[in-house]
2 protein chains.
Amino acid sequence: MHFVYETREMSEIFVGIDLGGTNIKIGCFDSQLNLICKTAVATEANVGPEVIIDRIGQTTEKLLADNDLSGESIAAIGIGAPGPSKLDEGIIIASPNMPSFKNVPLRKMVSDKFGKPAVLENDANAACWGEYVLGAGKDVEDMVFFTLGTGIGGGVIINGRLVHGFADNAAELGHIIIYPEGRRCGCGQRGCVEAYASADSTAKRAAEAVKAGAQSSLEKVLDEKGQISCQDVYEHLAAGDKLAKKITDETAKALAIVCVNVLHTTEPKRIVFAGGMIAAGDALLGRIRYYFDQQIWSLKKEAVEIAFATLGEDAGIIGAAALAKKARDEGKFN
Amino acid sequence: MHFVYETREMSEIFVGIDLGGTNIKIGCFDSQLNLICKTAVATEANVGPEVIIDRIGQTTEKLLADNDLSGESIAAIGIGAPGPSKLDEGIIIASPNMPSFKNVPLRKMVSDKFGKPAVLENDANAACWGEYVLGAGKDVEDMVFFTLGTGIGGGVIINGRLVHGFADNAAELGHIIIYPEGRRCGCGQRGCVEAYASADSTAKRAAEAVKAGAQSSLEKVLDEKGQISCQDVYEHLAAGDKLAKKITDETAKALAIVCVNVLHTTEPKRIVFAGGMIAAGDALLGRIRYYFDQQIWSLKKEAVEIAFATLGEDAGIIGAAALAKKARDEGKFN
């Protein structure tokens, strides 16, 4: 791979890569972690790791060229990718959304492709780190992070460091059990917070309620589209639908319980929720805080802050680039 | 306070103090953290902090004298005490079992009394650290610790460091909610693991069941003593009583759920249970592991180990002394 464009003066660039089952997002950042440019490309995970690494290389090359940047300016590359992984070794052990990734030495492959040092991080951790460095957690040292999407991912930061756990699988926060014997989760457990409060579970609970005969304006959505999305729930909530309110309250209560539980475990200063669902705004956030206040002990007023993420979909590339810079600054590549 | 005894050659001594609402335990350790001698004295917490500090000083002086040790040999003192506290400042903010302790600068008072540097730690954290250094966690870096007593206390160790949280109240693990809308806990929440699985809650659930008409050999205990203890439950379990089995299973299941939850948060290598209840042995531990295997996801075989503590009542003084030594070794007193 050859980077032949060297027309803009740029001391150094950090590349952040957010490798997902559907899309690969790539961003270039300066040494102050300002975003210079970004792009995205379909993953098409079935083509296998080698082709995907080539795609990352070509897409990055074009992104740099389109922005008059030189590949020589790259100081380091950060990759956020789904796991489980061996983070210190830079290996993806497996990935449910990318079945062709089995024991793939992703960090080495990317590093070799670019001829630059690279770091690998779990995707939710990378997004967590992005919010910590530049987003909703930038003024705290201890933070817990939840992504509310198809599932619920998480990240835990203590004293300014991501918690990896003894085998790099910490912060699987979506699988904290809040209702034993409750709804079956995709992971095999019952009563996980993910089975109630992810975007998918929120939508699913609404559809189940309508099918069971609950009166709701969502009935028309189900009739017309054959399904209800989480966005539908929040739109009908805004329009005053009572079922949408009940479904949202159940989501908020589930998230409030898990807030109580992480507070009593690592005592973060701030708990941050991310994902498309947070577009619901205060209709969701206000209710999470309400149920938190209902659930939490009466021993003292807790100073934990519950907030929404601020970086949107860029959190992953920002966090990945920031982790690359951190590793460089700490001399990890020497 | 004067230490006039200097008859034994001893390079240095670390004193560990475990200050509880009922007793003060004091131990002297050599620089390899071998226990040299120990003692205990009633706290009589109502006399107030000044008198208690005097009592600690006098009791330690006598302990040293009785063992031909010199107070001059003390290198540092560690204190484990109930909180909430400001650990960095060495201040106990308040303590439910010692109502006279309000914003008490305990570390400074102890340090002044002995003329030696001191560290303050939360009591459950100190016991956790003892098990980590010399007990059930001595060969791991990531550990979660539960004390099963009147309530349930906890400690979390990540990468060989105790997690304090942003305001020194991390690891209140007894107040993780496992059954929302469940039993009322003393803390004001509902459904805390403490409300099911502490020694007191285990005994209470047994008494409630007998009063509600459950057939059990424990009925005679309740009739004769007016109450049932946790020890009674385990004795009748050993004798084959069905209600005792059911109560124990509920305790084990509650502890298993909280094991799943801490595993998905900080991913410890080992989860350690301490307290008088663990005398029940495999009748309890085997059931915790059984319910853990029942609850945990099917995604992969989890390598977390669930074990009982090994240091008994000495864990607190060992941990306090070890923390004093650690602080000295890290140059915290320079």
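These figures come from a predicted structure and were not determined experimentally. (Residues numbered from 1 in each chain as written. Chains lettered and ligands numbered in written order. Predicted model: local features only at pLDDT ≥ 70, side-chain atom pairs only at ≥ 80, totals over all residues. Heavy atoms only, no water.)

The geometry of an aromatic ring pair is captured by the separation of the ring centres together with the interplanar angle, meaning the angle of the planes. Under the criterion given, the structure shown has eight aromatic pairs over all chains. Between Trp129(B) and Tyr132(B), the aromatic rings sit 4.8 Å apart at their centres with planes inclined by 40 degrees, giving tilted as the arrangement. Taken together, the residues Trp129(B) and Tyr132(B), both in helix 3 (residues 123-134) and three residues apart, mark about one turn of the helix. According to the relative accessible area criterion, Tyr132(B) is buried, its value standing at 10%. Between Arg287(A) and the ring centre of Tyr290(A), over which it is positioned, the NZ or CZ distance is 4.5 Å. (Phe/Tyr/Trp six-rings, centres within 6.5 Å; stacked < 30°, edge-to-face > 60°. Helix = DSSP H or I, 4+ residues; strand = E, 2+ residues; numbered from the N terminus. Buried < 20%, exposed > 50% of the residue type's maximum accessible area, 1.4 Å probe, protein only. Lys NZ or Arg CZ within 6 Å of the ring centre and 35° of its normal.)

Residue and element names in this part refer to chain B. With seven of seven residues buried, strand 9 (residues 152-158) lies mostly within the body of the structure. Here strand 9 shows a buried face lined by Ile-152, Gly-154, Val-156 and Ile-158 and a second buried face lined by Gly-153, Gly-155 and Ile-157. Two elements, strand 8 (residues 143-148) and strand 9, share six bridges in a ladder whose sense is antiparallel. Counted as the bridge partner of Thr-147 is Gly-153 from strand 9. Hairpin geometry of strand 9 and strand 10 (residues 161-162) is characterised by an intervening segment of two residues between the two adjacent antiparallel strands and by a positive phi of about 50 degrees at Asn-159. (Pairing = 2+ DSSP bridges.)

What follows covers the pattern of salt bridges. Residues and elements named next belong to chain A. Applying the stated rule across the entire model yields 46 salt bridges over all chains. Between Lys-108 and Asp-112 there is a salt bridge; the shortest N-O distance is 2.7 Å. One end of the pair, Lys-108, and the other, Asp-112, are both in helix 2 (residues 106-114), four residues apart, so they sit about a helical turn from each other. Residue Lys-108 shares its accessibility class with Asp-112, and that shared class is exposed. Beyond isolated ion pairs, a larger network of salt bridges with shared partners links Glu-12, Lys-325, Arg-328 and Asp-329. (Salt bridge = Lys/Arg side-chain N within 4 Å of Asp/Glu carboxyl O.)

Turning our eyes to something else, we now look at the interface of chain A and chain B. Across the boundary between the two partners, chain A contributes 42 residues, which contact 42 residues of chain B. The contact between chain A and chain B buries some 3,400 Å² in all, and 61% of this surface belongs to carbon and sulfur atoms. It is Phe166(A), Thr265(A) and Glu267(A) that lose the most area in chain A upon contact with chain B, and together they represent 21% of the buried surface on that side. Our count for the contact surface shared by chain A and chain B stands at two salt bridges. (Contact = heavy atoms within 4.5 Å. Buried area = accessible area lost by both parts, 1.4 Å probe.)

The next subject is unusual backbone geometry. Residue and element names in this part refer to chain A. The omega torsion of the bond from Gly-83 to Pro-84 falls at 10 degrees, within 30 degrees of zero and hence cis. Along the polypeptide, Pro-84 turns up in the loop between strand 4 (74-81) and strand 5 (85-86). Of note in the backbone geometry, Asn-159 takes a positive phi value of approximately 50 degrees without being a glycine. Position of Asn-159 relative to the elements: it lies in the loop between strand 9 (152-158) and strand 10 (161-162). Asn-159 gets classed as exposed once you look at its relative accessible area, which sits at 58%.

Residue and element names in this part refer to chain B. As for its placement among the helices and strands, Ile-271 is situated in strand 11 (residues 270-274). Between the alpha carbons of Ile-271 and Ile-306 there is a distance of 4.8 Å; along the sequence they are 35 residues apart. Dropping the residues within four chain positions of it, Ile-271 is found in contact with Val-144, Phe-146, Cys-259, Val-262, Val-304, Glu-305, Ile-306 and Ala-307.

Attention shifts here to the relation of the copies chain A and chain B. Between the two copies, chain A and chain B, the superposition gives an RMSD of 0.0 Å; the rotation angle is 180 degrees and the shift along the axis is 0.0 Å. Expressed as an axis order, the relation between the two copies is that of a two-fold axis. The residues that chain A uses at the interface reappear at the interface of chain B in 100% of cases, marking a shared surface. (Least-squares fit on C-alpha atoms with pLDDT ≥ 70 in both.)

Another aspect to go through is the sheet that holds strand 9 of chain A. All names here are of chain A. Taken in spatial order, the five strands make up an open sheet running 10-9-8-11-12, and their pairing is mixed. Either end of the sheet is taken by a strand with one partner, and the two such strands are strand 10 and strand 12 (305-308). On the sheet, helix 8 (residues 242-266) packs against strand 8 (143-148), strand 9, strand 11 (270-274) and strand 12 and is oriented at approximately 150 degrees with respect to strand 8. (Axes fitted to C-alpha atoms, helices over the stretch in contact; angles between N-to-C directions.)

Here we take up the nonpolar core. Where a protein is soluble and globular, its nonpolar side chains tend to be buried together. Residues Phe146(A), Phe273(A), Phe146(B) and Phe273(B) are the most contacted members of the largest nonpolar core, which totals 180 residues. Discounting residues that sit within four places of it in the chain, Phe146(A) has contacts with Ile152(A), Gly153(A), Gly154(A), Leu173(A), Val258(A), Val262(A), Ile271(A), Val272(A), Phe273(A) and Ala274(A). (Core = buried A, V, L, I, M, F, W, Y, C linked by side-chain atoms within 4.5 Å.)

Below, the discussion takes up the sheet that holds strand 1 (residues 13-19) of chain A. Residue and element names in this part refer to chain A. Reading across from one edge, 3-2-1-4-7 is the order of the five strands in this open sheet, with mixed pairing throughout. The open sheet terminates on both sides in strands that have one partner only, identified here as strand 3 (35-42) and strand 7 (118-122). Taking each pair of neighbouring strands and ignoring which way they run, the sheet shows an average axis angle of 15 degrees. As paired strands, strand 4 and strand 7 are joined by five bridges and run parallel to one another. Each bridged residue has a counterpart across the sheet, and for Ala-81 the counterpart in strand 7 is Asn-122. Contacting strand 1, strand 2 (23-29), strand 3, strand 4 and strand 7, helix 10 (residues 315-329) crosses the sheet at an angle of about 130 degrees to strand 1.

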